[in-house]
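Secondary and tertiary structure notes
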Amino acid sequence: MDNKELANLIFPNVKDISYYEAKYPVRDLPEGAVVSRFAPSPTGFVHIGGLYQALVARTVTSQTNGVFFLRIEDTDQKREIENGIEGIIDSLKDFDMSPDEGMISQTEERGEYGPYKQSERKEIYQAYAKYLIEQGKAYPCFCTAETLEQIRKNQEAAMERTGYYGKWTRCRKMPLDLMKEKIENGENYIIRFKSPGNPDKKIKHHDVIKGNVDFPENDQDIVIIKADGLPTYHFAHAVDDHLMRTTHVIRSDEWLPSVPLHIQLFTELGFKPPKYAHIAPIMKNDNGNKRKLSKRKDPEAAVSYYLEQGIPSDAVKEYLLNIANSNFENWRRANKDKSIDEFEFHLNKMSVSGALFDMIKLLDVSKIVISKYSAEKVYNETIKWANVFDKDFANILEKDKDYTLKVLGIERGNQKPRKDIAKWSDVKENVLYMYNELFENSNENYEFQVIQEKEEIKEVLTKYIEKYFNIDDDKQLWFDRMKDLAEEMGYAREVKLFKAELNKYKAHVGDVSTVIRVALTKRHNTPDMYEIMNVLGKDEVISRIQKCIETL
Ligand code: GLU
């Protein structure tokens, strides 16, 4: 019995690896093109950290005219959920980050380097496992769970590292004939890698993000093929990223300690190792303590949260780039109107330790992103959101699209656009008073500020509609008339006049216009009142002011 015979006994029907090497040739891409991937398990849940990694990979691959693909890592079939793949694909689509290659639905894929779902690559992994066995670099292991437990106990008692390595291994040293006998007797086994490593020696790793890191060599004889015939993550990573011709493995830094093993696997398989870029997790400040964003504790850890809230995907991506490359903020300041695609992203400028996630900052970014949208875009996005999350509101907005476009167009498309919308779920609150069915049913009250006296308020409002209000006035004239009203009633027509001679005036023009603003909107702060009046129209302005007078 030799290694070749043993390999044949274990995997009699798999192809020779030369078949796969030829089937998946080195990609014909321009110099410097990055090939990278997003490789989630199909649990259906996309963590914001996963989206962050995918965004980084999508960005560097696009910027180098490379390839970004989606591989589904479903070798741990216990974790799989129904339609989990679709959930991932939809999330990428929602963020306009669809892959160039890979899975495109629960069952379909695109690209020449597939299958892109690991459970469908079983025979490929087995071909490479066979290749290792043939060379004496892998072997069947018959150890039962009880044996492994015993080994662990012995190691703990001897105060030594746990695991299956060196002198602690059993099956590594088993004569091939005995292996043959056990296999023929139908004993259960898995396949282990025969590690050539010596932990007293160091390997030098240069990580694109973390820089130079030294590790002891790996000496663990890790499992490469499990009892169900599927590979472990480590082995699948080596085989897949080699055959899919990945140039850069961009992944979470929880995998950094596995680098010595992965490089060893690549080397023993005769593959050129890829470059590695290990991304630190997104952190959250929790009462002064920095901790990872947690799926269990933080709703914002789920990508679906952003869509439910109606935070535009552009804003989330812009914010993630912000925390990914610290020079993004300066770039944005200098390039206010450019698309984020024009930002030159650098993997090696990513932070080595975890970037801090700040929801308030994200919402600020979002306000700016939305402020640059046209009324038409705000309309479409709000309707899209409201159709799912607030159908009644969608109906109100859609009832008169032209009117809604005017409402959403207030203080938009000018030099200093309104920045009061951070998410589509804010729109209702922001435009409520522009729709009678919402305004009349709201629980807001007329709350006046400086001018409080009922008779005085009545007089301001009555005089305004009788003498000073004209819907056809241009902005300057409109404002001048407001000042005239103020003056007639003993208020300063300019704030600075009032400040100069406090005793001379009752208050100033701003206080007068607040009375009108409250009558029209029940708010103290709104966007430009001139624009609001124009959108409401003459009759509505008069009717609202009259209604307010009646309540006094
Ligand atoms: N399935 C692995 C994970 O979700 C992928 C890691 C990788 O990108 O290689 O952690």
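Now for a description of the structure that goes with this document. The structure displayed is predicted, hence computed values, not measured ones. (Residues numbered from 1 in each chain as written. Predicted model: local features only at pLDDT ≥ 70, side-chain atom pairs only at ≥ 80, totals over all residues. Heavy atoms only, no water.)

**With respect to the state of the cysteines**
As used in these notes, a disulfide is a covalent bond between sulfur atoms, one from each of two cysteines. Rules: Two cysteine sulfur atoms make up a disulfide if the distance between them is within 2.5 Å. A simple rule labels every residue: compare its accessible area, found with a 1.4 Å probe on the protein chains alone, to the largest value its type can have, and call it buried under 20%, exposed over 50%, or partly exposed in between.
Within this structure, the stated rule accounts for zero disulfides. With no disulfide of its own, C141 has C171 as its nearest cysteine by sulfur position, at a separation of 3.8 Å. Residue class for C141 comes out buried when judged on its relative accessible area of 1%.

**Description of the pairing of strand β2 (residues 67-70)**
For the record, the criterion: Strands here mean DSSP runs of E at least two residues long; helices mean DSSP runs of H or I at least four residues long; both are numbered from the N terminus. When DSSP finds two or more bridges between a pair of strands, those strands are recorded as paired. Throughout, right-handed denotes a crossover for which the path from the first strand over the helix to the second runs clockwise when the strands point away from the viewer.
Residues V67 and F69 of β2 are buried on one face, and the alternating residues F68 and L70, pointing to the opposite face, are buried as well. Relative to β2, strand β1 (residues 35-38) runs parallel, the two being bridged by four bridges. Directly across from R37, in β2, lies its bridge partner F69. Handedness of the β1-helix α3 (residues 48-63)-β2 crossover: right-handed. Sheet analysis places β2 next to strand β3 (residues 101-103), joined by two bridges and oriented parallel. Pairing of L70 across the sheet is with G102, part of β3.

**What about the site of the ligand?**
What counts, and what does not: Note on definitions. A residue lies near a molecule or strand when any single heavy atom of the residue is within 4 Å of it. As used in this structure description, the phrase polar contact means that two N or O atoms lie within 3.5 Å; if the pair is within protein, one of them must be able to donate a hydrogen and the other to accept it, and residues adjacent in sequence are counted only when both atoms belong to side chains. What sets the accessible areas is the Shrake-Rupley method with a 1.4 Å probe; for residues, cover comes only from the shown protein chains. All amino acids are sorted into three groups, where Ala, Val, Leu, Ile, Met, Phe, Trp, Tyr, Cys and Pro are nonpolar, Asp, Glu, Lys and Arg are charged, and the leftover types, Gly among them, are polar.
As a matter of local geometry, the ligand sits amid R37, A39, E73, Y233, R251 and W255. One nitrogen or oxygen atom from the side chain of R37 is found 2.7 Å from an oxygen atom belonging to the ligand. A39 places a main-chain nitrogen or oxygen 2.8 Å from a nitrogen atom of the ligand. In isolation the ligand offers 300 Å² of accessible surface; the protein chains occlude 81% of this area. Classifying every residue of the shell around the ligand gives three nonpolar, no polar and three charged.

**Things to note about the layout of surface pockets**
For the record, the criterion: Buriedness of a pocket was judged along seven lines, with at least five required to meet protein on both sides within 12 Å; pockets are open sets of points on a 1 Å grid over the protein atoms alone, cavities are sets where a 1.4 Å probe fits but cannot get out, and lining residues have an atom within 4 Å of a point. Grid points are joined across faces, edges and corners, and a volume is the space filled by probe spheres set on the points.
The volume enclosed by the second largest pocket comes to roughly 510 Å³. Classifying every residue of the lining of the second largest pocket gives eight nonpolar, five polar and six charged.

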